[in-house]
Amino acid sequence: MRWLSDRTVEHLRRVAEWPDLADTKYRLLEELGRGGMGVVYLAEDAVLGRRVALKVVGTGALDSEAARRMLREARIIARLEHPGIVPVHDAGALPDGRLFYAMKRVDGRRLDELPAETSMPETLRIFQRICEAVAFAHAHGVLHRDLKPENVMVGPFGEVLVMDWGVAKILDEGKDAPPDAPAFEPAASGTAEGSVVGTLAYMAPEQADGQLDRVGRPTDIYALGAVLYYLLTRRAPFDGEAAQRRARAGSEAPPPAPRQLDPRIARPLEAIVAKAMAPDPGERYGTAEELAADAARFLDGRRVLAYRESLLERAARLFARYRTPILLVLAYLLMRSLLLLYRGR
């Protein structure tokens, strides 16, 4: 008897789990990834001749709750038509009974795979685009609740997409739902009173403590600040054991200041992170637009609202911003002075 290798057995198991796409317009190509709720496959749309990402409820999650959650995720993404949010093209049931939805196939790399040599201006521009996508979602009554570098994709042409809306929360749920949409209770998104969803390393104190009545737009603002923290320091605000201690002993303690990890980080950027990640939701930026605007001020050499600069810092900032005209004026004054001295002899 010939024994199959573990690798071969695993391959056969995965192929056996592939969804039945017979009588659909999709042709399965390969598996892209899997999570607790579903598996994502690369497929080809035979009608339009394009490749799409097909998310299918996993064979181990065929209960109605998992199906409701995935349909809910698809409906949430479908209502957020924005260049920074991956679009949904199609949804339905496969011949084998599993639910699916088809979305844009995103090429590029995750934010946590961004090269370390990426310049600060480019990094901040990427961060601004993330804020713009979150601001759009907030304007449409949707909270992401799991913002982190792993859930952001950066494309080869500079496109930035916020991904994975599986634990998103709709504010005033049911108010704007389509007439034929099933009514989803909060528990349908996998959350119940006192439960914690998201990633501890990046979540706000009120979310980490399971205070669902306090979770709102400021919760995502905190997570955006945590993403900026990562971009500046290349580490999560609460990593490994720190995240676990935070879960056990409360979550009000702030992470190490960015400049403690890297003194080269500009103080105004550290102040932006501190304001976005303030333990008290009322002390954070009011909107994602305000957070993006402060990052833009830093990029443009203007005063960052979150940072109180000294006179010396202000002078240095103005000199850096207006270096060329200042040097031209100084050169002109120097030449005039030399000319006057020459004439006086």
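Thresholds, definitions, all that
Residues numbered from 1 in each chain as written. Predicted model: local features only at pLDDT ≥ 70, side-chain atom pairs only at ≥ 80, totals over all residues. Heavy atoms only, no water. Pairing = 2+ DSSP bridges. Helix = DSSP H or I, 4+ residues; strand = E, 2+ residues; numbered from the N terminus. Contact = heavy atoms within 4.5 Å. Axes fitted to C-alpha atoms, helices over the stretch in contact; angles between N-to-C directions. Buried < 20%, exposed > 50% of the residue type's maximum accessible area, 1.4 Å probe, protein only. Polar contact = N/O pair within 3.5 Å; in protein donor to acceptor, adjacent residues only side chain to side chain. 1 Å grid on protein atoms, 1.4 Å probe; cavity = no way out; pocket = protein on both sides within 12 Å on 5 of 7 lines; lining within 4 Å. Points joined across faces, edges and corners; volume = space filled by probe spheres on them. Nonpolar A, V, L, I, M, F, W, Y, C, P; charged D, E, K, R; others polar. Expected span 1.5 Å × (residues − 1). Core = buried A, V, L, I, M, F, W, Y, C linked by side-chain atoms within 4.5 Å. Phe/Tyr/Trp six-rings, centres within 6.5 Å; stacked < 30°, edge-to-face > 60°. Salt bridge = Lys/Arg side-chain N within 4 Å of Asp/Glu carboxyl O.

**Concerning the sheet that holds strand β8 (residues 152–154)**
Now for step 1: Sheet architecture is open: three strands sit in the order β6-β8-β9, paired in antiparallel fashion. Each edge of the open sheet is held by one strand with a lone partner, namely β6 (109–110) and β9 (160–162).
Now for step 2: Strand direction decides the pairing type here: β6 and β8, joined by two bridges, are antiparallel. Within β8, the residue paired with Arg-110 across the bridge is Met-153.
Now for step 3: Against the sheet, helix α3 (residues 120–139) engages β8 and β9, with an angle of about 40° to β9.

**Concerning the pairing of strand β3 (residues 50–57)**
Now for step 1: Among the eight residues that make up β3, six are buried, leaving the element largely enclosed by the rest of the structure.
Now for step 2: Bridge analysis of strand β2 (residues 38–45) against β3 gives eight bridges, and the strand direction is antiparallel. Counterpart to Leu-42 in the pairing with β3 is Ala-53.
Now for step 3: Between β2 and the antiparallel strand that follows it, β3, lie four residues; Gly-49 among them carries a positive phi value of about 65°.
Now for step 4: Note that β3 and strand β5 (residues 99–104) share five bridges and pair antiparallel. Pairing of Val-52 across the sheet is with Lys-104, part of β5.

**Topic: the environment of His-82**
Now for step 1: Considering the arrangement of structural elements, one finds His-82 in the loop between α2 (64–78) and β4 (88–93).
Now for step 2: C-alpha of His-82 to C-alpha of Leu-161: the two residues are 79 residues apart in sequence and 9.3 Å apart in space.
Now for step 3: A polar contact of 2.8 Å, which involves the side chain of His-82, links it to the backbone nitrogen of Gly-84.

**Looking at empty space enclosed by the protein**
Now for step 1: Tallying each qualifying case throughout the model produces one cavity of 30 Å³ or more.
Now for step 2: One number sums up the size of the largest cavity: a volume of about 50 Å³.
Now for step 3: In this structure, the largest cavity is lined by Arg-145, Asp-146, Leu-147, Thr-199, Tyr-202, Met-203, Gln-207, Thr-219, Asp-220 and Ala-223.
Now for step 4: Here the lining of the largest cavity takes three residues from helix α5 (residues 217–233), the largest share from any one element.
Now for step 5: When the residues that make up the lining of the largest cavity are grouped by side-chain class, the tally is four nonpolar, three polar and three charged.

**Points about the sheet that holds strand β1 (residues 26–34)**
Now for step 1: Read across the open sheet, the five strands follow the order β1-β2-β3-β5-β4; overall the sheet is antiparallel. On the outer flanks of this sheet lie β1 and β4, each paired with one strand and no other. When strand polarity is set aside, the average angle formed by the axes of neighbouring strands in this sheet is 25°.

**What about the pairing of β4?**
Now for step 1: Sheet topology note: the β4/β5 ladder contains five bridges and is antiparallel. Bridge pairing in β5 links Gly-92 to Phe-100.
Now for step 2: Hairpin geometry of β4 and β5 is characterised by an intervening segment of five residues between the two adjacent antiparallel strands and by a positive phi of about 95° at Gly-97.

**Some points on helix α9 (residues 288–300)**
Now for step 1: Taking 1.5 Å of rise per residue, the 13 residues of α9 would be expected to cover 18 Å, and the 18 Å separating its terminal C-alpha atoms lies within 8% of that figure.
Now for step 2: For α9, the complete set of buried residues consists of Ala-288, Leu-291, Ala-292, Asp-294, Ala-295, Ala-296 and Arg-297.
Now for step 3: Following α9 by one or two positions, Gly-301 adopts a phi angle in the positive range, close to 80°.

**A closer look at the nonpolar core**
Now for step 1: Core analysis: the largest hydrophobic core is formed by 68 residues, its most contacted members being Leu-111, Phe-127, Ile-130, Trp-165, Leu-224 and Leu-291.
Now for step 2: With near-sequence residues (within four places) excluded, Ile-130 lies in contact with Leu-111, Val-152, Val-160, Val-162, Leu-224 and Val-227.

**Looking at the side chain of Thr-199**
Now for step 1: Along the polypeptide, Thr-199 turns up in the loop between β10 (169–170) and α4 (205–208).
Now for step 2: One polar contact links Thr-199 to Lys-148, side chain to side chain, over a distance of 2.9 Å.
Now for step 3: Excluding its chain neighbours within four sequence positions, the residues that come into contact with Thr-199 are Asp-146 and Lys-148.

**Brief notes about the packing of aromatic side chains**
Now for step 1: Applying the stated criterion across every chain yields a total of two aromatic pairs.
Now for step 2: Ring geometry for Trp-18 and Tyr-41: centres 6.3 Å apart, planes at 70°, overall edge-to-face. Taken together, the residues Trp-18 in the loop between α1 (6–17) and β1 and Tyr-41 in strand β2 connect sequence positions 23 residues apart.
Now for step 3: Classification of Trp-18 as partly exposed rests on a relative accessible area of 30%.
Now for step 4: Given the relative accessible area of 1%, Tyr-41 is considered buried.
Now for step 5: Seen from their ring centres, Tyr-26 and Phe-100 are 5.9 Å apart, and the 70° between their planes marks the pair as edge-to-face. Of this pair, Tyr-26 sits in strand β1 while Phe-100 sits in strand β5, and the two are 74 residues apart along the sequence.

**Observations regarding the pattern of salt bridges**
Now for step 1: A complete count under the given rule lists 11 salt bridges for this structure.
Now for step 2: A salt bridge links Lys-148 to Asp-146; the nearest nitrogen and oxygen atoms lie 4.0 Å apart.
Now for step 3: We classify Asp-146 as buried; its relative accessible area is 10%.

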